[in-house]
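As a plain string of letters, each chain reads:
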Amino acid sequence: MTAQFPDGEGIFETLKTIRGVPFALSRHLSRAQRSASILGLRIAGEVEVRRQITEVLSKAPSSLEYGRLRVSFHTTGELEILHETYHPWNNPARLTILNRPVKEDSPFSGMKTLPYVE
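Here we summarise the structure given alongside this text. (Residues numbered from 1 in each chain as written. Predicted model: local features only at pLDDT ≥ 70, side-chain atom pairs only at ≥ 80, totals over all residues. Heavy atoms only, no water.)

Further remarks concern the overall build of the chain. Check the secondary structure of the chain and you find two helices and five strands. Listed by position from the N terminus, the elements making up the chain come as β-β-α-α-β-β-β. Within the chain, buried positions represent 31% of all 118 residues. Excluding contacts between residues fewer than 6 apart, the proportion of contacts in the chain whose partners are at least 24 apart in sequence is 64%. Accessible area of the chain: about 8,600 Å², with a carbon and sulfur share of 52%. (Helix = DSSP H or I, 4+ residues; strand = E, 2+ residues; numbered from the N terminus. Buried < 20%, exposed > 50% of the residue type's maximum accessible area, 1.4 Å probe, protein only. Contact = heavy atoms within 4.5 Å. Areas by Shrake-Rupley, 256 points an atom, 1.4 Å probe, with all protein chains shown as cover.)

Spelled out as structure tokens, the structure:
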């Protein structure tokens, strides 16, 4: 299964999983909470998010070495969690540099918003 980039408006976090365990989950959920607070977005509480993540991860095959977990908090209040197989790259990545500068002092700096705003 391959996921598209999430649609709509809101915020999201993408995490690596190793044998079904999310990497740096607390840090990602803290960033989501900070982003939601700045945007005035009401999102599900950490206990509920963790419960749903556990439920989604319990359905992954036990043989899955690496996965990508995407947690999306939509402005509609919907919580969307997707877990898919991740294959680490064996080849060098291609880099594209845009001519548009990033506004470091933007209130959106450091947020993963849907859609990306700045």
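This part covers the environment of Thr-75. By secondary structure assignment, the location of Thr-75 is in the loop between β3 (66–74) and β4 (79–85). Owing to a relative accessible area of 46%, Thr-75 belongs among the partly exposed residues under this scheme. Between the C-alpha atoms of Thr-75 and Gly-40, which are 35 residues apart in sequence, the distance is 9.6 Å. When neighbours within four sequence positions are excluded, Thr-75 is seen to be in contact with Glu-9, Gly-10 and Leu-41.

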